[in-house]
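# Summary of the model geometry
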Amino acid sequence: MNKGEQTRKQIIRKAAPIFNQRGFAGAALSDLMSATSLEKGGIYRHFDSKQQLAGEAFDYSWRMALDARFAGTQEIPNTVDRLKQIVWNFHDRRANLVQGGCPLLNMATDSDDGNPALRRKVRQAFASWLERLRSIVEEGQGRGEIRPSVNPAEVSTLIITTIEGSLMLERLQKNLEPLNIACRHLEQYLETNVRASSPIPQRS
């Protein structure tokens, strides 16, 4: 990696918490300059616009969030237990997130029809996250661990919307209890509504 690429990555890393905490409009150029120790020209030598920088800062924040949420799950063989771990990772693995909380929730709230490029990024992030969860459910169905009657897209959507809604309430109330309730509810739901009551033989 050459010096220019290193500088570019450093700008993204230092700009990420500013955009995640203050939003696109609230992230002033002076804040970005202060965080990066660069002048305006030094920043925009690496980015065509503030919007491009905001988009790449979101990508960086979202990768960190996904890494935290899926941490330790690949080693879990049973798919229902894997989904449960993903749920509890929301609760337990928050120290390494970019400051400001969930970037998906923040950007979805911040971006509107007036900023279609950032809104597209949020939609793409949601779709990719939904697909990752859906693939786990489908894997579980193929292995007989998850009930065949379960709709993978519905399970995935329920997990995401329940967690994201609880994060919004946690922020509003400055209280962890909404997230506690959401995680317990999803754990029970995965055990009683999703897990197959007994292993279903796989098709040959």
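Below or above, wherever it landed, is the structure these notes cover.

Parameters at a glance
Position labels on residues start from 1 in each chain and follow its written sequence. With pLDDT at 70 or above as the cut-off, local features in this predicted model cover only qualifying residues; side-chain atom pairs require 80 or more to be listed or tallied, and sums for whole chains, interfaces and linings still use all residues. Side-chain metrics in this entry use all non-hydrogen atoms of the structure; hydrogen atoms and water are not considered. Working definition: helices are DSSP H or I runs of at least four residues, strands are E runs of at least two. Numbering for both runs from the N terminus. Per-residue accessibility, obtained with a 1.4 Å probe over protein chains only, is compared with the maximum for each type, and a residue is labelled buried under 20%, exposed over 50%, and partly exposed between these values. By definition in these notes, contact holds between two residues if any of their heavy atoms fall within 4.5 Å. Using a 1.4 Å probe, accessible areas were evaluated by the Shrake-Rupley method; residue-level cover was limited to the displayed protein chains. Charged-residue counts in this description rest on Lys and Arg as positive and Asp and Glu as negative, His and the chain ends being excluded. One atom stands in for each charge, and that atom is NZ of Lys, CZ of Arg, CG of Asp or CD of Glu. Any Lys or Arg side-chain nitrogen found within 4 Å of a carboxyl oxygen on Asp or Glu counts as a salt bridge. Stacked, tilted and edge-to-face are the three classes assigned to paired rings of Phe, Tyr and Trp, where Trp is represented by its six-membered ring and a pair needs centres within 6.5 Å; plane angles under 30 degrees give stacked, over 60 edge-to-face, the rest tilted. We call a charge positioned above a ring when the Lys NZ or Arg CZ atom is no farther than 6 Å from the ring centre and deviates by at most 35 degrees from the ring normal. N or O atoms within 3.5 Å of each other form a polar contact, as long as, within protein, one can give a hydrogen and the other can take it, and as long as residues adjacent in sequence are counted only when both atoms are side-chain atoms. For our purposes a nonpolar core is just a set of buried Ala, Val, Leu, Ile, Met, Phe, Trp, Tyr and Cys residues, chained together by side-chain atoms within 4.5 Å. Helix axes use the C-alpha atoms of the stretch in contact, all axes being lines fitted to C-alpha atoms, and the angles between their N-to-C directions lie in the range 0 to 180 degrees. Note on terminology: angles under 35 degrees are roughly parallel, angles over 145 are roughly antiparallel, angles of 65 to 115 are roughly perpendicular, and the others are oblique. For this classification, the nonpolar set comprises Ala, Val, Leu, Ile, Met, Phe, Trp, Tyr, Cys and Pro, the charged set comprises Asp, Glu, Lys and Arg, and every other residue, Gly included, is treated as polar.

### So, the overall build of the protein chain
Each helix and strand in the protein chain was counted, giving nine helices and zero strands. Helices and strands in the protein chain line up, N terminus first, as α-α-α-α-α-α-α-α-α. Taken over the C-alpha atoms alone, the protein chain extends approximately 65 × 40 × 30 Å along its principal axes. Classification of the 204 residues of the protein chain by burial places 41% in the buried group. Taking as baseline every contact in the protein chain between residues at least 6 positions apart, the subset at least 24 positions apart corresponds to 69%. For the protein chain, the computed accessible surface area is about 11100 Å², with 50% contributed by carbon and sulfur atoms. Of the side-chain charges in the protein chain, 28 are positive and 23 negative, and the distance between the mean point of each set is 4 Å.

### Considering the pattern of salt bridges
One side chain can pair with another of opposite charge once the charged atoms of both are near each other. Within the structure shown, the criterion is met by 13 salt bridges. Across the pair R22 and D31 runs a salt bridge, and its minimum N-O distance is 2.5 Å. Owing to a relative accessible area of 22%, D31 belongs among the partly exposed residues under this scheme. Here D81 makes a salt bridge to R195, at a shortest N to O gap of 2.6 Å. With D81 in helix 5 (residues 79-92) and R195 in the segment after helix 9 (177-194), the pair connects residues that are 114 residues apart, well separated along the chain. D81 gets classed as partly exposed once you look at its relative accessible area, which sits at 30%.

### Regarding the packing of aromatic side chains
For any pair of aromatic rings, geometry is given as the distance between the ring centres together with the angle between the planes. Under the criterion given, the structure shown has two aromatic pairs. Each residue in the set W62, F90 and W129 is aromatic and connected to the rest through ring pairs, giving one cluster. Geometry around F24 places K50 over its ring, the cationic atom sitting 4.7 Å from the centre. Here R132 stacks its cationic end above the ring of F70, 3.8 Å away from the centre of that ring.

### A closer look at the environment of N193
By secondary structure assignment, the location of N193 is in helix 9. With a relative accessible area of 40%, N193 lands in the partly exposed category. Separated by 2.7 Å, the side chains of N193 and T192 make a polar contact.

### A closer look at the nonpolar core
By size, the foremost hydrophobic cluster in this structure holds 49 residues, and its most contacted members are L53, L83, W129 and L190. Going through the elements one at a time, helix 1 (3-26), helix 4 (50-69), helix 5, helix 6 (103-110), helix 7 (116-142), helix 8 (152-173) and helix 9 are the ones with two or more residues in this core. The element that contributes the greatest number of residues to this core is helix 7, accounting for eight residues. Those residues in contact with L190 that lie beyond four places of it in its chain are V80, L83, K84, V87, V155, I159 and R195.

### So, the packing of helix 5 against helix 7
Packing of helix 5 against helix 7 leaves a shortest axis separation of 8 Å and a crossing angle of 150°. It follows from the interaxial angle that helix 5 and helix 7 lie roughly antiparallel. Along its contact with helix 5, which presents T79, R82, L83, I86 and F90, the element helix 7 presents W129, L133, I136, V137, E139 and G140. Class assignment for the residues of the contact of helix 5 with helix 7 results in seven nonpolar, two polar and two charged.

### Quick look at the packing of helix 4 against helix 6
Between helix 4 and helix 6, the shortest axis-to-axis distance is 9 Å and the interhelical angle comes to 150°. Across the interface between the two elements, A54, F58, S61, W62 and A65 from helix 4 touch P103, L104 and M107 from helix 6. Classifying every residue of the contact of helix 4 with helix 6 gives seven nonpolar, one polar and no charged.

### A few points about unusual backbone geometry
Its identity as a non-glycine residue notwithstanding, S37 has a phi of 60°, on the positive side. Checked against the element boundaries, S37 lands in the loop between helix 2 (29-36) and helix 3 (40-44). Residue S37 is classed as exposed on the basis of its relative accessible area of 65%. In the Ramachandran plot, K174 falls in the positive-phi region, its phi being about 50° despite a non-glycine side chain.

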